[in-house]
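A structural walkthrough
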Amino acid sequence: MKIAMLARNPKLYSHKRLVEAAEERGHEMRILNTLRCTMNITSHRPSILYNGETLTGFDAVIPRIGASITHYGLAVLRQFEMMGVWPLNESVAVGRSRDKLRSMQIFAKHGLGLPVTAFAHDPRQTDEVLKIVGGAPAVIKLLEGTQGIGVVLGETANSAKSVVEAFRGLNVNILVQEFIKEAGSSDIRIFVVGGKVVAAMMRTGAEGDFRSNLHRGGSAKMVKITPEERSTAIRAAKVMGLNVAGVDILRANHGPVIMEVNSSPGLEGIEAATGKDVAGQIIEFIEAKAKTGNTKTKGKG
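All of the points below concern the structure found in this document. Once a new chain begins, its residue numbering starts again from 1 and follows that chain's sequence as written. Side-chain atom pairs in this predicted model are given and counted only at pLDDT of 80 or more, local residue features only at pLDDT of at least 70, and totals for whole chains, interfaces and linings cover all residues. Side-chain numbers come from the whole structure's heavy atoms, not from hydrogens or water.

1. What to know about the overall build of the protein chain
Secondary structure elements follow DSSP: runs of H or I of four or more residues count as helices, runs of E of two or more count as strands, with numbering from the N terminus. Counting secondary structure elements, the protein chain contains nine helices and 16 strands. Only protein chains enter the accessibility calculation, which uses a 1.4 Å probe. A residue is then buried if its area is under 20% of the maximum for its type, exposed if over 50%, and partly exposed in between. In the protein chain, which comprises 301 residues, the share counted as buried stands at 50%. In short, Shrake-Rupley with a 1.4 Å probe defines the accessible areas, and a residue's cover is counted only from the protein chains shown. Here the protein chain has roughly 14200 Å² of accessible surface; of this, 49% comes from carbon and sulfur atoms.

As structure tokens, then:
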């Protein structure tokens, strides 16, 4: 097979592992800098130019689109889909996953466990928003944040209110969520490929940090998940329409609650913590599913 990967940094662990896994199985993998793709948008013969070359002959495309270039990256991915190239994760599903608010609304619609979450535009509604989530402590998140950036814990009513008002003063969109204290600064990343859980790890935040992101200095170890956690992760990926997803959940007293679903989950932490060949399982899934023209939207949102 001939596989394209939309990624700006070929040196990242995840990208090198996917190339390695593909080549081990006899496939050709080509990494394309997303921002260097030029689209010829026509009604009958859509095409993509890359450094002056017309791209042809690809069987599948793996989107590893950075959050900062989501809009352009999705346009490039849609162009591949218009050309009949099978996407590992489709553009509609990736777009859903990048919008935290839309994701939460989809999960709520399908009855999946969530932290109590509130969203408002007017900073004058700060007291109302905090009341919805049960008051302080409360977690305040930028809608566009990634890797723990733009996530703040308001430990008291006054500090939470100050953070909300400061963010709104910058004219950015935020979510306010209840703080799941019993999770103990830990979350679980469950890796789903093709509707099956292939690996899971528990991530614990650095000392003094309630965020568990490995990019923020957290640690990870292999974890045994419950049947309910497994089902929650699989359902979350399915309703988003994602073939490959990193589903982040917290262990709340009333059961698992979803924090986020990542459509381009990193492989380094999960492979190191579990010792599993996740990259290989992704390539095997592509082998089984990639068919020209099989680009129908599957999501339920």
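2. Comments concerning the sheet that holds strand S2 (residues 28-32)
Taken together, four strands build an open sheet; the order of strands is S2-S1-S6-S7 and the sheet is parallel. At either end of the open sheet lies a strand with only one pairing partner, and these are S2 and strand S7 (86-87). The pairing criterion is simple: DSSP has to find at least two bridges between the two strands. Direction of pairing for strand S1 (residues 2-6) relative to S2: parallel, over a ladder of five bridges. By the bridge assignment, Met5 is partnered in S2 with Ile31. Strands in contact with helix H2 (residues 70-82) are S1, S2, strand S6 (60-63) and S7; relative to S1, the strand with the most contacts, it is inclined by about 160 degrees. Two residues qualify as a contact provided that any one of their heavy atoms is within 4.5 Å of a heavy atom in the partner residue. Axis definition: a line fit to C-alpha positions, over the contact stretch in the case of helices; interaxial angles, taken between N-to-C directions, run 0 to 180 degrees.

3. A look at the side chain of Arg96
Following the sequence through the fold, Arg96 ends up in helix H3 (residues 91-98). It is Glu90 that comes nearest to the buried, bridge-free Arg96 among opposite-charge side chains, at 4.3 Å. Identification of polar contacts relies on pairs of N or O atoms within 3.5 Å, with a donor-acceptor requirement for protein atoms, meaning one able to donate a hydrogen and the other able to accept it, and with residues adjacent in sequence counted only if both atoms are side-chain atoms. A distance of 2.9 Å separates a polar atom in the side chain of Arg96 from the backbone oxygen of Met240. Charge counting follows a simple rule: Lys and Arg are positive, Asp and Glu are negative, and His as well as the terminal groups are ignored. Each reported salt bridge corresponds to a side-chain nitrogen of Lys or Arg within 4 Å of a carboxyl oxygen of Asp or Glu.

4. With respect to helix H7 (residues 227-240)
Multiplying 1.5 Å by the helix residue count minus one yields the expected span of that helix. Here H7 spans 20 Å end to end across 14 residues, near enough to the 20 Å set by a 1.5 Å rise per residue. Burial in H7 covers these residues: Glu229, Thr232, Ala233, Ala236, Ala237, Val239 and Met240. At its buried positions, H7 is contacted by H3, helix H4 (100-109), strand S12 (186-193), strand S15 (244-252) and strand S16 (255-262). Downstream of H7 by one or two residues, Gly241 has phi in the positive range, about 85 degrees.

5. Points about the sheet that holds strand S4 (residues 47-50)
Judged by pairing direction, the sheet is antiparallel, and its three strands sit side by side in the order S3-S4-S5 without closing on themselves. Each edge of the open sheet carries a strand with a single partner, namely strand S3 (37-40) and strand S5 (53-54). Pairing of S3 with S4 involves four bridges; the strand directions are antiparallel. Within the sheet, the bridge partner assigned to Thr38 lies in S4 and is Leu49. Strands in contact with H2 are S3 and S4; relative to S3, the strand with the most contacts, it is inclined by about 55 degrees.

6. Observations regarding the side chain of Ser47
Relative to the elements of secondary structure, Ser47 occurs in strand S4. Not counting chain neighbours up to four residues away, the residues in contact with Ser47 comprise Thr38, Met39, Asn40, Thr54, Gln79 and Met83.

7. Brief notes about helix H6 (residues 157-169)
Structural remark: α-helix, 3.6 residues per turn; residues separated by three or four positions point the same way. Look at H6: 18 Å from first C-alpha to last across 13 residues, which is about the 18 Å you get at 1.5 Å a residue. The complete set of buried residues in H6 reads Ala160, Val163, Val164, Phe167 and Arg168. Axial view of H6: buried residues confined to an arc of 130 degrees, hence all on one face. Within H6, the exposed residues directed more than 90 degrees away from the buried face are Asn158 and Gly169. In the core, the buried residues of H6 are packed alongside helix H5 (126-132), strand S9 (138-142), strand S10 (151-154) and strand S11 (174-178). Trailing H6 by a residue or two, Asn171 shows a phi angle of about 60 degrees, which is positive. Regarding the arc, it is the one traced by the directions from the helix axis to the C-beta atoms.

8. Some points on the packing of aromatic side chains
Pairing of aromatic rings covers Phe, Tyr and the six-membered ring of Trp, with a centre-to-centre limit of 6.5 Å; geometry is then stacked below 30 degrees between planes, edge-to-face above 60, and tilted otherwise. As enumerated under the stated definition, the model contains two aromatic pairs in all. Criterion for a charge above a ring: Arg CZ or Lys NZ at most 6 Å from the ring centre, at most 35 degrees from the ring normal. The ring centre of Phe58 lies 4.6 Å from the NZ or CZ of Lys2, which sits over that ring.

Worth remembering: the numbers are spatial, not functional.
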